[in-house]
Amino acid sequence: MKFTKKLKRWLGLAAVYVTVVPVVMYFIFRHRLKFDPENKDFDKIIIYGDVRSSYSTHNKIAKLIAAEKPDMVLFTG
């Protein structure tokens, strides 16, 4: 099957859409993230990353972080 430039472009955009949108929606709705740029006075910030061990480990870490009630959480991946 021969792909034209236009078809390749549409397939590329579809791939980005199918990949990026679900990830964004997951973090917005699953973790109920809120960011209020007007409030920049932070008392507690948690920074963490490298949770590739498993989903259950990440879930435990997320629950521990939520129990701390931080003003901001930065997840580095």
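Residues numbered from 1 in each chain as written. Predicted model: local features only at pLDDT ≥ 70, side-chain atom pairs only at ≥ 80, totals over all residues. Heavy atoms only, no water.

Engineer: Which residues make up the pattern of salt bridges, and what values go with them?
Structural biologist: Summed over the entire model, instances satisfying the criterion amount to 1 salt bridge. Where glutamate 68 meets lysine 44, a salt bridge forms, and the shortest distance between an N and an O atom there is 3.1 Å. On the criterion of sequence distance, the pair formed by glutamate 68 in helix 2 (residues 55–68) and lysine 44 in the loop between helix 1 (5–29) and strand 1 (45–48) is long-range, its members being 24 residues apart. A relative accessible area of 44% means that glutamate 68 is categorised as partly exposed. (Salt bridge = Lys/Arg side-chain N within 4 Å of Asp/Glu carboxyl O. Helix = DSSP H or I, 4+ residues; strand = E, 2+ residues; numbered from the N terminus. Buried < 20%, exposed > 50% of the residue type's maximum accessible area, 1.4 Å probe, protein only.)

Engineer: Please give an account of the confidence of the model for the protein that cites residues and values.
Structural biologist: Scored by pLDDT, the protein comes out at a mean of 78, with 78% of its residues at no less than 70. Within the protein, helix 2 carries the highest mean pLDDT (87), whereas helix 1 carries the lowest (81). (pLDDT = per-residue confidence, 0-100.)

Engineer: How would you explain the packing of aromatic side chains if you had to name every residue and give the values?
Structural biologist: Remark: the centre distance and the inter-plane angle together describe each pair of aromatic rings, the angle taken between the planes. This structure, assessed with the given rule, holds 1 aromatic pair. Here tyrosine 48 and phenylalanine 75 contribute two aromatic rings whose centre-to-centre distance is 4.9 Å and whose plane-to-plane angle is 45°, an arrangement assigned as tilted. Remark: phenylalanine 75 occurs in strand 2 (residues 72–75) and tyrosine 48 occurs in strand 1; sequence separation between them is 27 residues. With a relative accessible area of 16%, tyrosine 48 lands in the buried category. Taking the relative accessible area as the measure of exposure, phenylalanine 75 reaches 36% and is therefore partly exposed. (Phe/Tyr/Trp six-rings, centres within 6.5 Å; stacked < 30°, edge-to-face > 60°.)

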